[in-house]
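In case you want the letters, here they are:
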Amino acid sequence: QVQLVESGGGLVQAGGSLRLSCAASGRTFSSYAMGWFRQAPGKEREFVAAISWSGGITYYADSVKGRFTISRDNAKNTVYLQMNSLKPEDTAVYYCAAGGVVGSLANEYYYWGQGTQVTVSS
């Protein structure tokens, strides 16, 4: 069992930056691939980024490539999402998730956090 808690969301102006963190409980964190997803009001949950258990493989949605960076620190049981050059369309609740593969589908992930709100003003 892995419990995930996101933090770092907030209100930022367009062009600004935020860093989200996802702290995991459990001794097996380093064995899971980790992903970030987001869901805007009235929209489906969508994939943002994923990282392998070692950190050696990363994968991004086209909409965030070049602006967002996913990373992890297995010693701290934490995964991060550095978000730069934020746009109003990045406004959403951001969720981290733990799974077995570096995938873009929500059903590839077993455990989910409660989410953190990111709001980008124009």
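Below, the structure is looked at part by part. (Residues numbered from 1 in each chain as written. Predicted model: local features only at pLDDT ≥ 70, side-chain atom pairs only at ≥ 80, totals over all residues. Heavy atoms only, no water.)

### Notes on the overall build of the protein
Counting its regular elements, the protein contains 0 helices and 11 strands. Helices and strands in the protein line up, N terminus first, as β-β-β-β-β-β-β-β-β-β-β. Its C-alpha radius of gyration of 13 Å places the protein within 12% of the 14 Å reference for a compact globule of 122 residues. Referenced to the eigenvectors of the C-alpha coordinate spread, the extents of the protein come out at roughly 40 × 25 × 25 Å. By residue count, 44% of the 122 residues in the protein fall in the buried class. Contacts in the protein between residues far apart in sequence, at least 24 positions, make up 57% of those at least 6 positions apart. A total of about 6,200 Å² of accessible surface is found on the protein, and carbon and sulfur atoms cover 48% of it. Across the protein, the centroid of the 10 positively charged side chains sits 6 Å from that of the 8 negatively charged ones. (Helix = DSSP H or I, 4+ residues; strand = E, 2+ residues; numbered from the N terminus. Rg over C-alpha atoms; globule rule 2.2 N^0.38 Å. Buried < 20%, exposed > 50% of the residue type's maximum accessible area, 1.4 Å probe, protein only. Contact = heavy atoms within 4.5 Å. Areas by Shrake-Rupley, 256 points an atom, 1.4 Å probe, with all protein chains shown as cover. Lys, Arg positive; Asp, Glu negative; His and termini not counted. Charge placed at Lys NZ, Arg CZ, Asp CG, Glu CD.)

### Description of the environment of Tyr-109
Among the secondary structure elements, Tyr-109 is positioned in strand S10 (residues 109-112). According to the relative accessible area criterion, Tyr-109 is buried, its value standing at 5%. Here the alpha-carbon distance between Tyr-109 and Cys-96, two residues 13 residues apart in the chain, equals 9.6 Å. Tyr-109 has contacts with Ala-33, Met-34, Gly-35, Phe-37, Ala-50, Ala-97, Ala-98, Gly-99, Val-101, Val-102 and Gly-103, leaving out every residue within four places of it along the chain. One polar contact links the side chain of Tyr-109 to the main-chain carbonyl oxygen of Gly-103, over a distance of 2.6 Å. (Polar contact = N/O pair within 3.5 Å; in protein donor to acceptor, adjacent residues only side chain to side chain.)

So far we have only geometry, and geometry alone does not tell us how the molecule works.
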